[in-house]
Amino acid sequence: MTIDATMVGRSYTAAGSYQVGREKIREFADAIGDGNPAYRGDDAIAPPTFGFVIGSRALEELLNDEELGLRLDRIVHGAQKFSYTRPIKAGDEIAATATITTVRKAGAVEVIMYETALTTVDGEPIATSTSTLSHNRADA
Amino acid sequence: MIEVGTELPPLTITFKRDDLVRYAGASGDFNPIHWNDRMAAALGLPGVIAHGMLTMASAVRVVTDWIEDPADLVEYGVRFTKPVVVPDDDKGASVTFSAKVDKVADGLAEIDITAVAGEEKVLGRARAVVRVR
């Protein structure tokens, strides 16, 4: 199967919610070399790009949709944007849903944009992540 | 006081292989192009490359180190224009991040970020929007 514009609007929700722990935030901040005190302690907020880690669980579901026929090893991350209603905090329990917003084809390359809504399990918005992927189907 | 044209203190970060392994573990992105030369070469890359999301995380530090509270960030976006190739040696790859305030209006400041490795810009249209207090 192959992806096309009729697949715009398809939505994929990460299985289960993601519980944000302060030690995970610290581990992530350490991994990006960021010593900012805001990312440490009981009241820690997460660094701005941490939302991608949570959203990637919804992306996994999208990649598992066999009708799209996408392969991770043919994908390049082209662009990434976050809009924050508020920072992700230690103690948050977050639901992630990814929705395909654009599909463009240029030869064997498919450009796919998807938007991932990060909300509390009660549906309060936290952040929106917009991602652009290039998928190369050459020789696939 | 945040004014148009203000240049933020730049930051140079060196990425080594162990940094990529650490980021892979913390983020859950174990794509082998970020740690395995053989797999990177098989996909036609010039070598193992840094995670784009690691470069993106590093770039915004120029802004979050400068504002008082990183919670004041309301928007942040980048384009990944060139891969950052990280050699398997003790020197790694250095990227210099700089930023400049482009616009201040309605309680928000828009900041343009530049990321340069060697002579090349590795991010395009990198922009952060922060609340001005």
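For the structure, check the block above.
This one's a predicted model, so the numbers in the text were calculated from it and none came from an experiment.

Scanning chain A for helices and strands turns up 2 helices and 6 strands. Helices (α) and strands (β) of chain A occur, in sequence order from the N terminus, as β-β-α-α-β-β-β-β. The burial tally for chain A puts 39% of its 140 residues in the buried class. Residue pairs at least 24 apart in sequence account for 69% of intrachain contacts in chain A once pairs closer than 6 positions are excluded.

Looking now at the nonpolar core. By size, the foremost hydrophobic cluster in this structure holds 78 residues, and its most contacted members are Ala59, Val63 and Ile113 of chain B. Broken down by element, the residue count for this core peaks at 6 residues, all from helix H2 (residues 51-63) of chain A. With near-sequence residues (within four places) excluded, Ile113 of chain B lies in contact with Ala59, Val62, Val63, Phe97, Ala99, Leu123, Ala126, Arg127 and Ala128 of chain B.

This part takes up unusual backbone geometry. Residues and elements named next belong to chain B. Of note, Asp106 is a non-glycine position whose phi angle comes to about 55°, a positive value. Positionally, Asp106 belongs in the loop between strand S3 (93-105) and strand S4 (108-117). For Asp106, a count of 6 C-beta atoms within 10 Å translates into the label exposed. Of note, Arg125 is a non-glycine position whose phi angle comes to about 45°, a positive value. Locating Arg125 in the fold gives a position in strand S6 (residues 123-131). Owing to 12 C-beta atoms within 10 Å, Arg125 belongs among the exposed residues under this scheme.

This part is about helix H1 (residues 22-31) of chain A. Those residues of H1 of chain A not exposed but buried are Ile25, Phe28, Ala29 and Ala31 of chain A. The buried residues of H1 of chain A occupy one face: seen down the axis, they fall within an arc of 160°. Buried residues in H1 of chain A make contact with H2 of chain A together with helix H1 (17-27) of chain B.

Moving on to the packing of H1 of chain A against H1 of chain B. Where H1 of chain A contacts H1 of chain B, the two axes come as close as 9 Å, and the packing angle between them is 155°. With respect to H1 of chain B, the element H1 of chain A is oriented roughly antiparallel. Here H1 of chain A runs over H1 of chain B; the crossing is left-handed. For the pair formed by H1 of chain A and H1 of chain B, the contact residues are Glu27, Phe28 and Ala31 of chain A on the first element and Arg22, Tyr23 and Ala26 of chain B on the second. Residue composition of the contact of H1 of chain A with H1 of chain B, grouped by class: 4 nonpolar, no polar and 2 charged.

With that settled, consider the interface of chain B and chain A. Across the boundary between the two partners, chain B contributes 27 residues, which contact 25 residues of chain A. Secondary structure elements with two or more residues in the side of chain B that touches chain A: H1, helix H3 (52-59), helix H4 (61-64) and strand S2 (73-80) of chain B. Per element, the largest residue contribution to the side of chain B that touches chain A is 8 residues, and it comes from S2 of chain B. Residue composition of the side of chain B that touches chain A, grouped by class: 16 nonpolar, 6 polar and 5 charged. The pairing of strand S3 (residues 75-84) of chain A with S2 of chain B spans 5 bridges and is classified as antiparallel. Residue pairing for S2 of chain B: Ala79 of chain A is matched across the bridge by Arg79 of chain B.

Scoring rules and cut-offs
Residues numbered from 1 in each chain as written. Chains lettered and ligands numbered in written order. Predicted model: local features only at pLDDT ≥ 70, side-chain atom pairs only at ≥ 80, totals over all residues. Helix = DSSP H or I, 4+ residues; strand = E, 2+ residues; numbered from the N terminus. Buried ≥ 20, exposed ≤ 12 C-beta atoms within 10 Å, placed from the backbone. Contact = placed C-beta atoms within 7 Å. Core = buried A, V, L, I, M, F, W, Y, C linked by C-beta atoms within 7 Å. Arc of directions from axis to C-beta. Axes fitted to C-alpha atoms, helices over the stretch in contact; angles between N-to-C directions. Parallel < 35°, antiparallel > 145°, perpendicular 65-115°, else oblique. Left-handed = near helix turned anticlockwise from the far one by under 90°. Nonpolar A, V, L, I, M, F, W, Y, C, P; charged D, E, K, R; others polar. Pairing = 2+ DSSP bridges.

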